[in-house]
Amino acid sequence: MAELILDVEHLSKSFGSNKVLHDIDFEVHKGDVISIIGASGSGKSTLLRCINLLEDPSGGKVLFHGADITEKGFNLAGYRAKVGMVFQSFNLFSNLSVLENCVVGQRKVLKKSRAEAESLAKEYLEKVGMAPYINAKPRQISGGQKQRVAIARALSMQPEVLLFDEPTSALDPQMVGEVLNVMRDLAQEGMTMLVVTHEMAFARDVSSRVIFMKDGIICEEDTPQNLFTMPKKQETKEFLSRFMAN
Amino acid sequence: MSKFIDDIVKCWTLYGESYIDGAGRTIVISLVGTIIGCIIGFAVGIVQTIPVSKNDSLAKKVVVKILKIIMRMYVELFRGTPMIVQAVFLFYGVQMIWDVTLGMWPAAFLVVSVNTGAYMAETVRGGINSIDPGQTEGAKAIGMTHVQTMLSVILPQAFRNLIPQIGNNLIINIKDTSVLSIISVTDLFFVHKSVAGALYKYFASATITMLIYLTLTVTASLLLRMLEKKLDGDSSFDLATTDTLAHTSGMLTYHEKKKDK
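This is a predicted model, so every value here is computed, not measured. (Residues numbered from 1 in each chain as written. Chains lettered and ligands numbered in written order. Predicted model: local features only at pLDDT ≥ 70, side-chain atom pairs only at ≥ 80, totals over all residues. Heavy atoms only, no water.)

Some thoughts on the pattern of salt bridges
Applying the stated rule across the entire model yields 18 salt bridges over all chains. For Arg114(A), the salt bridge goes to Glu118(A), with nearest N and O atoms at 2.8 Å. In this pair, Arg114(A) and Glu118(A) both sit in helix 4 (residues 114-127), four residues apart, roughly one turn of the helix. The partly exposed category is assigned to Arg114(A), whose relative accessible area is 36%. Ionic pairing is found between Asp222(A) and Lys232(A), a salt bridge with its closest N-O pair at 2.7 Å. You can see Asp222(A) sitting in strand 10 (residues 217-222) and its partner Lys232(A) sitting in the loop between helix 8 (224-229) and helix 9 (234-245), a full 10 residues away along the chain. When its relative accessible area of 12% is taken as the criterion, Asp222(A) is described as buried. Salt bridges linked by common partners bring Arg72(B), Glu76(B), Arg79(B), Glu122(B) and Arg125(B) together as one network. (Salt bridge = Lys/Arg side-chain N within 4 Å of Asp/Glu carboxyl O. Helix = DSSP H or I, 4+ residues; strand = E, 2+ residues; numbered from the N terminus. Buried < 20%, exposed > 50% of the residue type's maximum accessible area, 1.4 Å probe, protein only.)

What follows is the structure, given as structure tokens:
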């Protein structure tokens, strides 16, 4: 078994009296590509946001190489630099150029020199096919391009794990492909990824494991072959059949 | 009518230089006051938007809470009282407590800055809150701290959105420095009062003064519009490639390269 990077133990989250995550348990090993699927409102995004502490978990632990990230005094900035996140709504910095978007984190958080940061940023922008656009501002490029820049921004921090929160849900159908292609390449290169997605084909073909969530619990977790062809739980069957019917 | 023109000519020939000096002081006081006020406003606005999470140490929570209460009191005090009273209060207060008599310039800068700062603090808070919280999350997600996020991402955008309001403040200050004559600041209004008193030409002197104030405010307004335009930047950008066939969607080059492999 590859090295254990993230260990989520009994994680729960409530917003007021509304409990959105119950007792979530799973592990992320180096090189895993885990897709998290499920209906809207099943807690997928909240789970991802808890892992990056954009939401404070209400209970349980998230261990990163054995250290609990919810402990007081944990180096949160350093952790976030190692766990990249790509958002549904891109969240690029609108005042900065494409290049600067990928440079600012390296400069401020990793304290790299400008030259070093820029060359790394260009390398990753090249990888996602956005190298010609380094001088553009986010408002000047399309949604799919923005999302590819957002991926390059996350990669520029050279993270150990990348979290994707529905990266294609805000995109036109023809732009979905360009983003999924980039993600597919990353998966093949061995990037550890945790992907919340409604793209069943991506979950089936690219991931090494699939987690199906329903009502804030992990309903079923398996390899994509098993989960898509012979789901064990009735809920999984119903979700998949509804999805395939669409 | 010809008497009125005669009066104006008389005021101007006798005291033209004083008007210009007064206008100069008005400009300096309102510019410096607005700039320092903006700095105060940005500082207070940043402190008021510091997020506190439950994982922060108790010391940080207490310090931030106390700072926020002090800032809030400052804003309410100076936004909620007239500047003319603040001028008297600060001028004589400093004299009373520290036994220092402030000169004209320090007194004027102090009053205008703290007054502008109180208004700007609220404006900056609004400006910060108006920037899409997604960008703050994006910055958090790559490990940037609150201060780093503010300086590199949020404030430059908030600043752009606040320029009309900064302009408002500058124009208000150009006019409202007139109340400083109560602590003997010899600004444009002070000159007007002196000239009018010396020559008994109230209407003529007021007309000259009105025109000078209007010139100042309209100029300020034009300059700020230009700054706004400049900060918006170019609406076009250069593709960083020598390939003239590079497709504008950026996708074709990507796919073609992949096929070559």
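A few points about the side chain of Ser152(B)
Relative to the helices and strands, Ser152(B) is located in helix 6 (residues 146-176). Given a relative accessible area of 12%, Ser152(B) falls into the buried group. Excluding residues within four positions of it along the chain, Ser152(B) makes contact with Asn95(A), Leu96(A), Val104(A), Lys108(A) and Met144(B). (Contact = heavy atoms within 4.5 Å.)

Looking at the packing of aromatic side chains
Under the definition given, this model contains nine aromatic pairs over all chains. When the centroid spacing of 5.0 Å and the interplanar angle of 75 degrees are considered together, the rings of Phe64(A) and Tyr79(A) count as edge-to-face. Note that Phe64(A) is positioned in strand 4 (residues 59-64) and Tyr79(A) in helix 2 (residues 76-82), a separation of 15 residues in sequence. With respect to burial, Phe64(A) and Tyr79(A) carry one shared label: buried. Ring centres 5.1 Å apart and planes at 90 degrees place the aromatic pair Phe91(B) and Tyr92(B) in the edge-to-face group. The exposure class of Tyr92(B) is partly exposed, given its relative accessible area of 44%. Put simply, the rings of Phe64(A), Phe74(A) and Tyr79(A) touch in pairs and so form one group of aromatic residues. If you follow Arg153(A) out to its NZ or CZ, it ends over the ring of Phe93(A), 4.5 Å from the centre. (Phe/Tyr/Trp six-rings, centres within 6.5 Å; stacked < 30°, edge-to-face > 60°. Lys NZ or Arg CZ within 6 Å of the ring centre and 35° of its normal.)

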